[in-house]
Amino acid sequence: MKKKELLLIFTRNPELGKCKTRLAATIGDRAALQVYQILLEHTVYITNNLKLVKQVYYSTSIVENDIWNPTIYTKRQQEGEDLGVRMHNAFKKGFEEGYTNIIIIGSDMYDLSQQDLRNAFNALETHDYVIGPAEDGGYYLLGMKILNSQVFTNKSWGTNTVLKKTLNDLQETNIKLLEERNDIDYYEDIQDIPVFQHLLSYQND
């Protein structure tokens, strides 16, 4: 039986003053929103042609007419009081629907490519788990073949302890670590990337 692959994309609704707040502290709310919109466009670019099922999970409310084409992406609402609960619920639903290889990503990785995602799914063919470590001590990608609830609990989400604690949860399992990548949270994360240069001179509104 062919394995059923599912890509979960967690996204924050792009609203002024409510996304990339740590970045906004330096470049202002409007520029931070534009940065995030560029990141969303990049996430669409690297995922829309993948030959697998893709589900977009919105943070606050589902938007019908936006960047996510409903003929390509199934739109859903995140459910839960913190990130761990929300991710757990999305994975649980995916496994209940019969998918066997499930990967989750966020929507703030400019140096993530379609080939990276393909490599991650290929890794799940021979590994139980796949993780993409982020430079800030978190992870930008998590994949599994069976639901492991432990990895979603007892984490201080958004801190530099998340990856270490997750790996501790997965000791003695068959895990594949991908290349370390940098997600975008602060000014320093975008200051050397050409596509963002026109936004760096903005001041706080």
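These numbers were taken from a predicted model, which means no experiment stands behind them. (Residues numbered from 1 in each chain as written. Predicted model: local features only at pLDDT ≥ 70, side-chain atom pairs only at ≥ 80, totals over all residues. Heavy atoms only, no water.)

With that settled, the discussion passes to the pattern of salt bridges. If charged atoms from side chains of opposite charge come close, those side chains can pair. In this structure the tally under the stated criterion is 11 salt bridges. Note that Asp185 and Lys20 form a salt bridge whose closest N and O atoms lie 3.4 Å from each other. Residue Asp185 is found in the loop between strand S7 (175–177) and helix H6 (187–190), and its partner Lys20 is found in the loop between strand S1 (5–11) and helix H1 (21–27); the two are separated by 165 residues along the sequence. We classify Asp185 as buried; its relative accessible area is 10%. A salt bridge links Lys75 to Asp66, with the shortest nitrogen-to-oxygen separation between them at 2.8 Å. Note on Lys75: relative accessible area 15%, which makes it buried. On the basis of relative accessibility, which here comes to 29%, the residue Asp66 falls in the partly exposed class. Here the salt bridges share partners, and the residues they tie into one network are Lys20, Arg22, Asp108 and Asp185. (Salt bridge = Lys/Arg side-chain N within 4 Å of Asp/Glu carboxyl O. Helix = DSSP H or I, 4+ residues; strand = E, 2+ residues; numbered from the N terminus. Buried < 20%, exposed > 50% of the residue type's maximum accessible area, 1.4 Å probe, protein only.)

Pairing within the open sheet is mixed, and its 7 strands lie in the order S3-S2-S1-S4-S6-S5-S7. Both edges of this open sheet fall to strand S3 (73–77) and S7, since each of them pairs with a single strand only. If you compare each strand with its neighbour and ignore which way they point, the axes differ by 20° on average. Sheet topology note: the strand S2 (residues 53–58)/S3 ladder contains 5 bridges and is parallel. Each bridged residue has a counterpart across the sheet, and for Tyr57 the counterpart in S3 is Arg76. Packed on one face of the sheet, helix H3 (residues 83–96) meets S1, S2, S3, strand S4 (101–105) and strand S6 (139–144) and runs near 155° to S1. Packing of helix H4 (residues 114–123) onto the sheet brings it into contact with S1, S4, strand S5 (129–133), S6 and S7, and relative to S1 it is tilted by some 130°. (Pairing = 2+ DSSP bridges. Axes fitted to C-alpha atoms, helices over the stretch in contact; angles between N-to-C directions. Contact = heavy atoms within 4.5 Å.)

Quick look at the side chain of Lys20 now. Under the relative-accessibility criterion, Lys20 is labelled buried at 11%. Polar side-chain contacts of Lys20 include one of 2.5 Å to the backbone oxygen of Ile184. In this view, Lys20 contacts Ala32, Tyr36, Leu39, Asp108, Ile184 and Asp185; residues no more than four positions away in its chain are not counted. (Polar contact = N/O pair within 3.5 Å; in protein donor to acceptor, adjacent residues only side chain to side chain.)

Note on placement: His42 falls in helix H2 (residues 29–47). Residues in contact with His42, not counting those within four places in the same chain, are Met109, Tyr110 and Leu112.

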